[in-house]
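Given next are the chains, with one letter for each unit.
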Amino acid sequence: MTTTVSANRKGDRRERELVNALDDAGFAVMRAPASGAATERELPDVLAGDGDTFYAIEAKSSAGDPIYLTGEEVEALLFFARNFGAKARIAVRFDREDWYFFHPGDLYTTDAGSYRVKKEKALAEGTDFPEFVGETEKVTLGEVGDGGGEGAGDGVDPEAEERREILEAVREGHMPVEDALDVL
């Protein structure tokens, strides 16, 4: 039981850390009371907005193991975000790393219906904190090596491929249409 209590304290500390970082970045932000345990309603861990964009965030942290979310957690986040008018995001933090953000539709779905984020995926594909708060914009190696990535390497148009992936996520129900419209 002490392991669970210790893990809960660490999770609470990490959520407060995220709230403080978002506040420092100029967001209006609040942490949901007991992340849903204080109420029967499923609430996201953090609500944040900058006046233009609003986020409902489920925050998870790990020492290094993959991070798992249940299908119910993700569905509750998407339901709340849609009804609240916010963008649903999963924030993950591995020890000695920064926060990384994902749309739930970008996460790996297990055969059992859970969602998983490995540390390698977070570092390679996640939106890092400076990009999430609008301080920087991610540039890929293809864009650096080929002066923008148009037609780079395999002849696939990266923008067309990204649009295809977004539309596929909508078709499979992993991304709400409203989020797809924001991205497109």
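Just above sits the structure.
Within every chain, residues take consecutive numbers counted from 1 along the sequence as written. pLDDT decides what is reported in this predicted model: residues at 70 or higher carry local features, side-chain atom pairs at 80 or more are listed and counted, and totals for whole chains, interfaces and linings draw on all residues regardless. To obtain the side-chain values, all non-hydrogen atoms of the structure were used and water was disregarded.

Draft legend 1. Expanded view of helix H6 (residues 158-171). Given a rise of 1.5 Å per residue, 14 residues ought to cover 20 Å, and the 20 Å separating the end C-alpha atoms of H6 matches this to within 8%. By the criteria applied, helices consist of DSSP H or I runs no shorter than four residues and strands consist of E runs no shorter than two, each listed in order from the N terminus. Positive backbone phi, approximately 85 degrees, marks Gly-173, located one or two places after H6. Between the first and last residue of a helix there are one fewer steps than residues, each counted as 1.5 Å, and that sum is the expected span.

Draft legend 2. Region of the structure containing the packing of aromatic side chains. Each Phe, Tyr or Trp ring, with Trp reduced to its six-membered ring, pairs with another whose centre is within 6.5 Å; inter-plane angles below 30 degrees give stacked pairs, above 60 give edge-to-face pairs, and intermediate values give tilted ones. A full pass over the atoms with the stated rule returns five aromatic pairs. For the ring pair Phe-101 and Phe-129, a centre distance of 6.3 Å and an interplane angle of 40 degrees mean the geometry is tilted. Of this pair, Phe-101 sits in strand E6 (residues 99-102) while Phe-129 is found in helix H4 (residues 129-132), placing the two residues 28 residues apart along the sequence. A residue is classified by how much of its surface remains accessible, and Phe-101, at 2% relative accessible area, is buried. Residue exposure (1.4 Å probe, protein chains only): buried if accessible area is under 20% of the type maximum, exposed if over 50%, otherwise partly exposed. Owing to a relative accessible area of 10%, Phe-129 belongs among the buried residues under this scheme. Ring geometry for Phe-101 against Phe-132: centres 3.8 Å apart, planes inclined by 5 degrees, an arrangement best described as stacked.

Draft legend 3. Expanded view of the side chain of Lys-87. Within the secondary structure, Lys-87 sits in strand E5 (residues 87-94). Here, two residues are considered to be in contact whenever any of their heavy atoms come within 4.5 Å of each other. When sequence neighbours within four positions are dropped, the list of residues in contact with Lys-87 reads Thr-53, Phe-54, Tyr-55, Ala-56, Ala-81, Asp-179 and Asp-182.

Draft legend 4. View of the side chain of Asp-45. Position of Asp-45 relative to the elements: it lies in the loop between strand E1 (28-31) and strand E2 (46-49). One buried charged side chain, Asp-45, makes no salt bridge at all; its nearest oppositely charged neighbour is Lys-60, positioned 5.5 Å away. Within polar-contact distance, the side chain of Asp-45 engages the backbone nitrogen of Ala-59 at 2.8 Å. In this count, Lys and Arg are taken as positive residues and Asp and Glu as negative ones, while His and the chain termini are left out. Within this document, salt bridges are pairs made up of a side-chain nitrogen of Lys or Arg and a carboxyl oxygen of Asp or Glu, the two lying within 4 Å of each other. The term polar contact refers here to a pair of N or O atoms within 3.5 Å; inside protein, the definition further demands a hydrogen-donor-capable atom paired with an acceptor-capable atom, and it admits residues adjacent in sequence only when both atoms are side-chain atoms.

Geometric values such as these leave the question of function open.
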